[in-house]
Amino acid sequence: MIESLLTGFEAAFTLVNLAFIAAGITLGILIGAIPGLGSVTALAILIPITFYMSPLPAIAFLVGVNKGGTSGGAIPAILLNSPGTPEAAASAFDGYPMTQRGEAKRAMKFALYSSVTGDMISDVLLIALVVPFAAVALQFGPLEYTAILLFAFSLLAGISSSSPTKGLIAIFGGVFLSTIGLDPVDSTQRMTFDQVNLYDGLSISAVAIGCLALASVVEQMFDLRRGSVETTEVKQAEGKGTTVLPIGEFLSHWKTIGRSALIGSGVGMLPGLGVTLAAFLSYGAAKRASPEPESFGKGNPQGIIATEAANSAVVGANLVPTIALGVPGNIAAALLIGAFIIHGIVPGPFMMTMHGDLIYALFASMLMANGVHLLIGKLGIPIWSLVAKTPKSVILPPVLILCIVGVYLPGQSLFDVGIMLAFAGVGLAMRRTGFPVVCLVIGFLLGGMLETSLRQSLLLHKSDLSAMLGSPIALVFIVLTLVVLVRAFKR
């Protein structure tokens with residue numbers, strides 16, 4: 001493994017690759033710092049742009065966007081008490097009180113150092129665990145994959161919405177949409193309505209950008225039209241506090257850093273749990289472990305450390321099931337699967353054997369990205385507050401244009417733009433009615449895999465469901481699926 005990783009560094013350590021990593025991290029931070037946007041929006045918009053790039057710079061660029069976007073949400077959380085992303089909400093609990101004490105730069109340094117450290121720990125775990133995971137995954141057949149996907153869907157439905165029923169409806173709505181196109185077995189048309197544009201199914205980019213990015217932009221435009229407040233001034237107690245953060249003081253919180261990184265990594269490895277859950281679990285664990293729990297929410301740096309180390313640790317860990325099993329850990333990983341497919345890389349247990357050189361070069365890029373992230377983050381701290389205070393009326397129109405251009409470019413198809421606009425309406429309606437959009441998108445992305453594995457299982461076992469009892473792995477995941485659903489509906 002060490003030799004493969006060194007070969008990966010040799011391939012990844014190029015000026016072009018470093019430039020794309022730096023560009024991705026910078027864009028991620030900038031978009032994450034805009035309240036209401038985040039790494040998922042950035043990925044949805046930028047994935048089509050990588051269509052004409054080589055695979056390694058393209059994936060490294062998108063991983064940089066994910067890393068930067070995840071940490072960038074802490075900037076408005078600390079400066080404005082307005083988290084740029086949901087996972088950064090817990091950072092505001094102690095970050096904003098530090099800003100009010102005149103310690104905004106110090107709080108942002110805590111957030112930056114914690115993000116980079118948590119990310120680094122997570123990346124090391126990814127490199128160490130992905131090969132054993134892939135070796136185990138090679139033992140999986142269609143029946144096991146079907147059980148794993150059903151478990152992932154139940155887990156996602158149980159935690160992504162206050163109503164598990166709405167989560168399940170959204171997931172299987174996405175699965176239903178994934179069946180549009182030609183049947184993979186006999187090539188008969190399914191719900192194409194004689195539209196040639198639908199023979200290959202709905203565009204992943206059109207559905208994802210429409211539901212996630214464009215729906216969010218339209219919703220925020222409606223909020224602005226109703227006269228919502230665009231920005232909040234940063235109120236700092238001038239002359240008080242300090243902006244200095246000695247590295248020794250940061251490392252003195254090593255217990256909180258390590259615990260939070262492990263919590264984030266554990267959550268990231270389980271499909272569907274998401275970054276927000278990791279952040280709040282870690283914040284709660286840090287508060288319970290502290291000798292002064294009453295100081296949390298009043299400017300305790302450990303609150304920032306716990307949140308940022310955990311949510312950044314998810315970024316690397318969620319690629320473990322993505323690469324080893326082809327099952328995304330969260331929506332960002334689901335979008336990255338789309339990027340892998342665009343560049344001819346099929347996620348799953350054979351990924352390490354078929355594309356091993358590229359994957360180890362990606363691992364090397366991820367490790368290098370942490371150093372680049374630290375450098376860009378430190379240089380940017382004095383100016384990030386200006387980005388966070390940019391009016392949404394200035395930011396949203398260019399994002400709208402990027403959505404349209406991003407969907408049009410890969411296939412140069414106005415039909416795909418129309419699909420995106422239609423799904424923007426669907427996404428907006430789902431937001432207003434409490435249906436989780438993330439469930440629809442993940443259901444759509446994994447629907448093809450579920451259909452293939454289910455049909456193969458039925459053919460191999462002649463539609464005998466009792467065959468499940470002969471597979472311990474499938475049986476375990478089916479039992480876990482039932483347990484998750486029962487607990488979700490009992491809440």
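Worth saying up front: this structure is predicted, and the values here are computed from it rather than measured.

### Focus on the packing of aromatic side chains
Aromatic rings in a pair are described by how distant their centres are and how their planes are angled relative to each other.
Next up, step 1: Here the structure, examined in full by the defined rule, presents eight aromatic pairs.
Next up, step 2: Consider the rings of Tyr 283 and Phe 296, whose centres lie 5.7 Å apart with planes at 85°: the pair is edge-to-face. You can see Tyr 283 sitting in helix H13 (residues 275–289) and its partner Phe 296 sitting in the loop between H13 and helix H14 (301–317), a full 13 residues away along the chain.
Next up, step 3: Residue classification places Phe 296 among the buried positions, given a relative accessible area of 6%.

### Quick notes on the side chain of His 373
Next up, step 1: Turning to its location among the elements, His 373 is positioned in helix H18 (residues 356–388).
Next up, step 2: By relative accessible area, which is 1% here, His 373 ends up buried.
Next up, step 3: Excluding its chain neighbours within four sequence positions, the residues that come into contact with His 373 are Ile 25, Ile 29, Lys 67, Ser 71, Leu 112, Ser 115 and Val 116.

### Structural notes on the environment of Pro 57
Next up, step 1: Secondary-structure assignment places Pro 57 in helix H4 (residues 55–72).
Next up, step 2: Of the residues examined, Pro 57 reaches a relative accessible area of 14% and is grouped as buried.
Next up, step 3: Remark: the alpha-carbon pair of Pro 57 and Phe 20, spanning 37 residues in sequence, is separated by 6.2 Å.
Next up, step 4: Beyond its immediate stretch of four places on either side in the chain, Pro 57 contacts Asn 17 and Phe 20.

### Quick notes on the packing of helix H16 (residues 331–342) against helix H21 (residues 437–460)
Next up, step 1: In contact at an axis separation of 10 Å, H16 and H21 are set at 35° when each is read in the N-to-C sense. Crossing angle aside, the handedness with which H16 passes H21 is left-handed. Contacts between H16 and H21 involve Ile 331, Ala 334 and Leu 335 on the former and, on the latter, Val 438, Val 441, Ile 442 and Leu 445.
Next up, step 2: Considering only residue class, the contact of H16 with H21 consists of seven nonpolar, no polar and no charged.

### Describing empty space enclosed by the protein
Next up, step 1: According to the stated counting rule, one finds three cavities of 30 Å³ or more in the structure shown.
Next up, step 2: Its boundaries defined by the atoms lining it, the second largest cavity holds a volume of some 80 Å³.
Next up, step 3: Together, Ala 44, Ile 47, Pro 48, Ile 204, Ser 205, Ala 208, Ile 209, Leu 335, Gly 338, Ala 339 and Ile 342 line the second largest cavity.
Next up, step 4: Of all the secondary-structure elements, those providing two or more residues to the lining of the second largest cavity are helix H10 (204–225) and H16.
Next up, step 5: By residue class, the composition of the lining of the second largest cavity is nine nonpolar, two polar and no charged.

### A word on the packing of H4 against H16
Next up, step 1: Across the interface, H4 lies against H16 with an axial gap of 11 Å and an inter-helix angle of 165°. Viewed along their axes, H4 and H16 adopt a mutual orientation that is roughly antiparallel. Along this stretch, H4 crosses H16, giving a crossing that reads as right-handed. Every residue of H16 that contacts H4 at Ile 59, Leu 62 and Asn 66 is listed here: Ala 332, Leu 336, Ala 339 and Phe 340.
Next up, step 2: In terms of residue class, the contact of H4 with H16 is built from six nonpolar, one polar and no charged.

### Thoughts on the nonpolar core
Next up, step 1: With 86 residues, the main nonpolar core has Leu 62, Leu 202, Ile 323, Phe 363, Cys 403, Met 420 and Val 441 as its most contacted residues.
Next up, step 2: With near-sequence residues (within four places) excluded, Phe 363 lies in contact with Leu 5, Leu 126, Ile 127, Val 130, Ile 323 and Met 352.
Next up, step 3: If you look at the next biggest cluster of nonpolar residues, it comprises 26 residues, including Ile 29, Met 98, Ala 111 and Ile 305.

### Regarding helix H12 (residues 254–269)
Next up, step 1: Across its 16 residues, H12 extends 22 Å between first and last C-alpha, which sits within 8% of the 22 Å expected from 1.5 Å per residue.
Next up, step 2: For H12, the set of buried residues is Thr 256, Ile 257, Ser 260, Ala 261, Gly 264, Ser 265, Val 267, Gly 268 and Met 269.

### So, the confidence of the model for the protein chain
If pLDDT is low for a region, its predicted coordinates should not be looked at in detail.
Next up, step 1: Scored by pLDDT, the protein chain comes out at a mean of 79, with 86% of its residues at no less than 70.
Next up, step 2: Note that pLDDT drops below 50 for residues 229–241; the model gives that stretch 30 contacts with residues more than four away or on any other chain.

### Focus: the side chain of Ser 457
Next up, step 1: By secondary structure assignment, the location of Ser 457 is in helix H21.
Next up, step 2: With relative accessibility at 5%, the residue Ser 457 sits in the buried group.
Next up, step 3: Reaching out from Ser 457, the side chain makes a polar contact with the backbone oxygen of Pro 142 at a distance of 3.3 Å.
Next up, step 4: Not counting residues within four places of it along the chain, the set of residues in contact with Ser 457 comprises Pro 142, Leu 143 and Thr 146.

Criteria and thresholds
- Residues numbered from 1 in each chain as written.
- Predicted model: local features only at pLDDT ≥ 70, side-chain atom pairs only at ≥ 80, totals over all residues.
- Heavy atoms only, no water.
- Phe/Tyr/Trp six-rings, centres within 6.5 Å; stacked < 30°, edge-to-face > 60°.
- Helix = DSSP H or I, 4+ residues; strand = E, 2+ residues; numbered from the N terminus.
- Buried < 20%, exposed > 50% of the residue type's maximum accessible area, 1.4 Å probe, protein only.
- Contact = heavy atoms within 4.5 Å.
- Axes fitted to C-alpha atoms, helices over the stretch in contact; angles between N-to-C directions.
- Left-handed = near helix turned anticlockwise from the far one by under 90°.
- Nonpolar A, V, L, I, M, F, W, Y, C, P; charged D, E, K, R; others polar.
- 1 Å grid on protein atoms, 1.4 Å probe; cavity = no way out; pocket = protein on both sides within 12 Å on 5 of 7 lines; lining within 4 Å.
- Points joined across faces, edges and corners; volume = space filled by probe spheres on them.
- Parallel < 35°, antiparallel > 145°, perpendicular 65-115°, else oblique.
- Core = buried A, V, L, I, M, F, W, Y, C linked by side-chain atoms within 4.5 Å.
- Expected span 1.5 Å × (residues − 1).
- pLDDT = per-residue confidence, 0-100.
- Polar contact = N/O pair within 3.5 Å; in protein donor to acceptor, adjacent residues only side chain to side chain.

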